[in-house]
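# Structural overview
As a plain string of letters, each chain reads:
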Amino acid sequence: MGHFNLAILLSLSLSLCLFPSPTSAQLKQNYYANTCPNVESIVRRVVQTKIKQTFVTIPATLRLFFHDCFVQGCDASVMIASSGGNTAEKDHPDNLSLAGDGFDTVIKAKQAVDAVPSCRNKVSCADILTIATRDVIALSGGPSYQVELGRLDGLSSTSASVTGNLPKPNFNLNQLNTMFAGHGLNQADMIALSAAHTVGFSHCNQFSNRIYGNPVDPTINKVYLGQLQAMCPKNVDPRIAINMDPTTPRKFDNIYFQNLQQGKGLFTSDQVLFTDGRSKPTVNIWASNTTAFNNAFITAMTKLGRVGVKTGRNGNLRRDCSAFN
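All residue numbers refer to positions counted from 1 along the written sequence of the respective chain. Where local features are concerned, this predicted model is filtered to residues with pLDDT of at least 70; where side-chain atom pairs are given and counted, the filter is 80 or more; whole-chain, interface and lining totals use all residues. As a rule here, side-chain values come from all non-hydrogen atoms in the structure, and water together with hydrogens is ignored.

## Side note on the confidence of the model for the chain
- Per-residue confidence for the chain gives a mean pLDDT of 92; residues scoring 70 or more make up 92%.
- Each residue gets a pLDDT score, which is the predictor's confidence in that residue and runs from 0 to 100. Contact criterion: two residues are considered in contact whenever any of their non-hydrogen atoms come within 4.5 Å of each other. A low-confidence stretch, residues 1-23 (pLDDT under 50), is modelled with 82 contacts involving residues beyond four sequence positions or located in other chains.

## Some words on the environment of Ala195
- Relative to the helices and strands, Ala195 is located in the loop between α6 (187-194) and β2 (201-203).
- The classification of residues rests on relative accessible area computed with a 1.4 Å probe and restricted to protein chains. Under 20% of the type maximum is buried, over 50% is exposed, and intermediate values are partly exposed. Since its relative accessible area comes to 0%, Ala195 is described here as buried.
- The spacing of Ala195 and Asn316 is 121 residues in sequence and 32 Å in space, taken between C-alpha atoms.
- Apart from the residues within four sequence positions on either side, Ala195 is in contact with Phe252, Tyr256, Phe257 and Phe293. Helix and strand assignments come from DSSP, with helices taken as H or I runs of at least 4 residues and strands as E runs of at least 2, each series counted from the N terminus.

## Considerations on the pattern of salt bridges
- Any Lys or Arg side-chain nitrogen located within 4 Å of an Asp or Glu carboxyl oxygen qualifies as a salt bridge. In the structure shown here, the tally under the stated rule is 15 salt bridges.
- Where Arg44 meets Asp135, a salt bridge forms, and the shortest distance between an N and an O atom there is 3.1 Å. Remark: Asp135 occurs in helix α4 (residues 125-139) and Arg44 occurs in helix α1 (residues 39-53); sequence separation between them is 91 residues.
- A residue is classified by how much of its surface remains accessible, and Arg44, at 26% relative accessible area, is partly exposed.
- Its relative accessible area of 0% is what places Asp135 among the buried residues.

## A closer look at the environment of Val283
- Looking at the element boundaries, Val283 is found in helix α11 (residues 280-288).
- It is 9.2 Å that separates the C-alpha atoms of Val283 and Tyr256, two residues lying 27 residues apart in sequence.
- Those residues in contact with Val283 that lie beyond four places of it in its chain are Ile191, Phe257, Leu260, Gln261, Leu273 and Phe274.

## Overview of the packing of α1 against helix α3 (residues 100-114)
- Fitting a line to C-alpha atoms yields each axis, with helices limited to the stretch in contact; the angle taken between N-to-C directions then spans 0 to 180 degrees. Direction vectors running N to C along α1 and α3 enclose 140°, while the axes themselves pass 9 Å from each other. One finds that α1 runs oblique with respect to α3. When you trace α1 past α3, the crossing you get is right-handed. Each of Val39, Ile42, Val43, Val46, Val47 and Lys50 in α1 lies in contact with α3, whose residues at this interface are Asp101, Asp104, Thr105, Lys108, Ala109, Ala112 and Val113. Each angle is binned into one of four classes, with values under 35 degrees roughly parallel, values over 145 roughly antiparallel, values of 65 to 115 roughly perpendicular, and all other values oblique. Crossing handedness: left-handed means the near helix sits turned counterclockwise from the far one by under a right angle, and right-handed means the same turn made clockwise.

## Digging into unusual backbone geometry
- A cis amide bond links Asn214 to the next residue, Pro215, at an omega of 10°.
- Checked against the element boundaries, Pro215 lands in the loop between α7 (208-212) and α8 (222-231).
- The residue Asn30 is not glycine, and still its phi comes out positive at about 60°.
- Within the secondary structure, Asn30 sits in the segment before α1.
- Phi at Ala76 takes a positive value of approximately 60°, unusual for a residue other than glycine.
- Tracing the sequence through the fold places Ala76 in the loop between α2 (57-69) and α3.
- The exposure class of Ala76 is buried, given its relative accessible area of 0%.

## Section: the nonpolar core
- Grouping buried Ala, Val, Leu, Ile, Met, Phe, Trp, Tyr and Cys residues that are joined through side-chain atoms within 4.5 Å yields what is termed a nonpolar core. In terms of nonpolar packing, the biggest core is built from 72 residues, with Phe257 and Leu273 touching the most fellow members.
- The leading source of residues in this core is α4, at 8 residues.
- The residues touching Phe257, leaving out its near neighbours within four places in the chain, are Ile191, Ala195, Val283, Trp286, Ala287 and Phe293.

## Quick look at the packing of aromatic side chains
- For Phe, Tyr and Trp, where Trp contributes only its six-membered ring, two rings pair if their centres lie within 6.5 Å, and the inter-plane angle classes them as stacked under 30 degrees, edge-to-face over 60, or tilted in between. A complete count under the given rule lists 11 aromatic pairs for this structure.
- With a centroid separation of 4.9 Å and 85° between ring planes, the pair formed by Tyr31 and Tyr32 is classed as edge-to-face.
- Residue Tyr32 is classed as buried on the basis of its relative accessible area, which comes to 4%.
- When the ring of Trp286 is compared with that of Phe293, the centres are 6.1 Å apart and the planes differ by 50°; the resulting orientation is tilted.
- Note on Trp286: relative accessible area 7%, which makes it buried.
- Among the residues examined, Phe293 registers a relative accessible area of 0% and is labelled buried.
- Within the aromatic cluster, the residues linked to one another by ring pairs are Phe252, Tyr256, Phe257, Trp286, Phe293 and Phe297.
- Think of it as a cone above the ring: NZ of Lys or CZ of Arg counts as a charge over the ring if it is within 6 Å of the ring centre and within 35 degrees of the ring normal. The positively charged end of Lys90 is found above the aromatic ring belonging to Phe103, 4.4 Å away from the centroid.

## A few points about α6
- Counting buried residues along α6, 6 of its 8 residues qualify, which places the element largely inside the surrounding structure.
- Three or more residues of α6 are buried, namely Asp189, Met190, Ile191, Ala192, Leu193 and Ser194.
- Next to the buried residues of α6 lie α2, α5 (173-181), α9 (255-261), α10 (268-275), α11 and α12 (290-304).
- Two N or O atoms count as a polar contact when they lie within 3.5 Å, although within protein this holds only if one can serve as hydrogen donor and the other as acceptor, and sequence-adjacent residues are included solely when both atoms are side-chain atoms. The N-capping residue of α6, defined by a side-chain oxygen 3.1 Å from the backbone nitrogen of Ala188, is Asn186.

Set out below in structure tokens:
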């Protein structure tokens, strides 16, 4: 995703792995129990409706969450539209491929929540994005889980803050581990989150170097290589996008890892998870054990959702998710 194209800054200390950060400690399940107790069911109804309209809702929302959390934390700063002299996160080159259906899901869910008088201006856009992300995962066959809530919306969104803070399709394992560690995420978390590509799309230019390089990437399955070259011929329309999971593209599952075993990872950063001996054992385990993968993914998503959370004077409750108050 951005790569994330799942496929994603306030730099967090590695100690996040060992000690809860002050901000994450303020998140909790059922945070809105007394102010907007039905918020999760309201958001889910909107998500269900959006998915019926277009499947793109699923990967678009999931990718939006990653790109938000990896830049300045999970604060809905990626939702802000550029205005005046400010070029916002969403207009950075790495974010231009974020599909509009992800933004639309959050905006419509926010409108539905605020339509309930007791909920109006009580729920942050950041939390709505977090809930919607959980829902698109569950509604596409992935695990459901309790979400921690209580984030405020960020007060800053700049294109400059995105540069160098999202994983690239050509990253190797060291580069992936270093970037994820900056958010308190370990190698297992990184591998689990990479599996979000099981429902993703990618434009051909993100991997054309693998299929037309000199030499062609030798780790690509030969049959798959031919299929990719047929779908993405040289000088292909740059708007063309293909499924990242060639086997079950509309289902969130562990087939992603089985694809890697067969040389069918679309990005270098996907296939390296199998070709590098340090990550290969995890890929092999999760390729054959859905429960183990689902549990690891829930853990990783929960940890990701704690990154750079805004509280107190560092954030507010945005009335319009696409504009500062």
